[in-house]
Amino acid sequence: MTVRYIPLFAALLLTATAAAEPFQAQAKMTDAEAAAALAAFAENLEGRSIVGEPAIVDCKLSGGTKAICFRVTMTPTPTRYQPGPWCPGNIADGSDKSGIWLDKGKVYDADGAFIKNLATFYKDPRWQLFDPATGKIKVTDSKASCAGAARPDVDPKYQNYCVECLPSYLNPQPTLTFVIPARPVKARSTTPLSQFTGAGLALNGVRFDAPAPVGAILDAHTLAPFDDCGGHVNLHVGYHYHAATGCTKEVAQPARHAPMIGMAMDGYGIHTRRNEDGSEPKNLDACRGHNFAGIGYHYHVSEPGANQLIGCFSGEHGCALRLPDQTCDASRSPPRPPRR
Ligand SMILES: [Zn+2]
Ligand SMILES: [Zn+2]
């Protein structure tokens, strides 16, 4: 990958002089403008999650536009709380020992009572995640079992399991390298979110993922709960979010507009669902984006139960890379998507 302009420290020096308007819809930037935009972006990220040095690199966006991108490598470890819990161990366990489940716009505590009631909830008597004699819930309890239960064709022996992968199964934690256009390029048409690129990143460096494949999960009579912060672990990218429930860093905005909580893969900001006065921003498009004076175009997350952070990409997106030195060409299909 061509690194055009590496040092963030040099970029920080430039911010004092360059007007930071990082989210204008144009691909061309001078090195000084790019450096200033990178500094503003990196300033918002939680530093402890950043691996190495954020950089400006050449990239090719999903619509084929050659652009300059931010490249930042992050560990998927939240800095403000401990991830989990996910699956309760027994149907007697309360919501303090379990996470949440999202279904048709609603958030449910995935507690023992919920697990006990699954056959009724989904109107399907084949749901039986627990031992009727003891109340013990079948939970994946090893790296191998979580891999078998989370693969696209669920290993038959893990049907009727509560599926959780613990962060400790991944040592060291995988890093993900986000390559995001320094200035968004509005696309001719919107792009659906994919498992390849996810939706974006939270300011703590945790990936905002594409919607969880709930249909496939439920078809196998498995449940893959999220913790109360809307995150769970897979063996490909580690801890990641399928919902935003207010656990991560927020950056205040002009006019008490909804705070920014992350960045989408197309370079537009991702903001909370509600403004600081509790109202919801109006006139959102299909991607859940709109323009607002002083902020420009940005997205607002859906309600947590929706199983989507944002609706789609309005701009051409960059890449989420497993290897920090890979070149980002988002106009080509990546090799294989991470699951769940
Ligand atoms: Zn807004
Ligand atoms: Zn997931």
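All of these numbers come straight from a predicted model, not from anything done at the bench.

Asker: What should I look at first to understand the overall build of the chain in this one?
Answerer: Scanning the chain from N- to C-terminus turns up six helices and 17 strands. Reported as C-alpha extents along the three principal axes, the dimensions of the chain are approximately 70 × 40 × 35 Å. Across the 340 residues of the chain, 47% fall into the buried class. Once local pairs closer than 6 in sequence are excluded, the contacts in the chain between residues at least 24 apart make up 67%.

Asker: How should I be thinking about the pairing of strand β14 (residues 289-292) in this particular structure?
Answerer: Summarising the sheet, β14 and strand β15 (residues 296-300) pair through four bridges and their orientation is antiparallel. Across the sheet, the residue bridging to Asn291 is Tyr297, located in β15. Count of turn residues in the β14/β15 antiparallel hairpin: three residues, of which Gly294 carries a positive phi of about 90°.

Asker: Got a minute to help me understand unusual backbone geometry in this structure?
Answerer: With an omega of -5°, the peptide bond running from Gly84 to Pro85 counts as cis. Note on placement: Pro85 falls in the loop between β3 (66-74) and β4 (100-103). For Lys104, which is not a glycine, the phi torsion comes out positive at approximately 50°. With respect to the helices, strands and loops of the structure, Lys104 is situated in the loop between β4 and β5 (106-109). Non-glycine residue Asn283 carries a positive phi angle of around 60°. Mapped onto the elements, Asn283 comes out in the loop between β13 (269-271) and β14.

Asker: Looking at this model, I keep getting lost on the nonpolar core. Mind explaining?
Answerer: Soluble, globular proteins show a tendency: their nonpolar side chains are buried together. By size, the foremost hydrophobic cluster in this structure holds 85 residues, and its most contacted members are Cys69 and Ile270. Here this core gets seven residues from one element, more than from any other, and that element is helix α2 (residues 31-44). Those residues in contact with Ile270, other than ones at most four positions away along the chain, are Gly200, Phe208, Met260, Ile261, Gly262, Met263, Ala264, Tyr299, Val301, Leu309 and Ile310.

Asker: Is there a simple way to explain α2 in this structure?
Answerer: For an α-helix the count is 3.6 residues per turn, leaving residues at separations of three or four pointing the same way. In this model α2 runs 20 Å from its N-terminal to its C-terminal C-alpha over 14 residues, within 8% of the 20 Å that 1.5 Å per residue would give. Those residues of α2 not exposed but buried are Glu33, Ala34, Ala35, Ala36, Ala37, Leu38, Ala39 and Phe41.

Asker: Hey, could you run me through the sheet that holds strand β10 (residues 231-234) in this one?
Answerer: Whether parallel or antiparallel, the strands of a sheet pair through hydrogen bonds between backbone atoms. A sheet is described by the order of its strands in space; here eight strands give the open sequence β10-β11-β9-β8-β12-β13-β15-β14, paired in mixed fashion. Every other strand in the sheet has two partners, leaving β10 and β14 as the edge strands with one partner each. The pairing of β10 with strand β11 (residues 238-241) spans four bridges and is classified as antiparallel. Bridge pairing in β11 places Asn234 opposite Gly238.

Asker: What am I meant to see in the environment of Ser49 here?
Answerer: Within the secondary structure, Ser49 sits in the loop between α2 and β2 (50-60). C-beta crowding within 10 Å serves as the criterion here: with 22 such atoms nearby, Ser49 is assigned to the buried category. Along the sequence, Ser49 and Val206 sit 157 residues apart, while their C-alpha atoms lie 8.6 Å from each other. With near-sequence residues (within four places) excluded, Ser49 lies in contact with Met74, Thr75, Thr77, Thr79, Asn204 and Gly205.

Asker: Even after reading the chapter, I still don't get the environment of Pro324, so can you show me in this structure?
Answerer: Tracing the backbone shows Pro324 in the segment after β17 (319-321). For Pro324 and Val72, which are 252 residues apart along the polypeptide, the C-alpha to C-alpha distance reads 8.4 Å. Other than its neighbours up to four places away in sequence, Pro324 contacts Thr73 and Thr177.

Asker: Help me understand the confidence of the model for the chain in this model?
Answerer: Reading fine detail from the predicted coordinates is not recommended where pLDDT is low. The predicted model of the chain has a mean per-residue pLDDT of 90, with 90% of residues at 70 or higher. When the criterion is pLDDT under 50, residues 9-26 qualifies, and its contacts beyond four places in sequence or with other chains add up to 37 contacts.

Asker: Just checking my understanding: could you explain the environment of Ala39 for this structure?
Answerer: By the secondary structure assignment, Ala39 is in helix α2. Here Ala39 falls in the buried class, since 22 other C-beta atoms lie within 10 Å of it. Measuring from C-alpha to C-alpha, the distance between Ala39 and Val154 comes to 44 Å, with 115 residues separating the pair along the chain.

Rules of the game
- Residues numbered from 1 in each chain as written.
- Chains lettered and ligands numbered in written order.
- Predicted model: local features only at pLDDT ≥ 70, side-chain atom pairs only at ≥ 80, totals over all residues.
- Helix = DSSP H or I, 4+ residues; strand = E, 2+ residues; numbered from the N terminus.
- Buried ≥ 20, exposed ≤ 12 C-beta atoms within 10 Å, placed from the backbone.
- Contact = placed C-beta atoms within 7 Å.
- Pairing = 2+ DSSP bridges.
- Core = buried A, V, L, I, M, F, W, Y, C linked by C-beta atoms within 7 Å.
- Expected span 1.5 Å × (residues − 1).
- pLDDT = per-residue confidence, 0-100.

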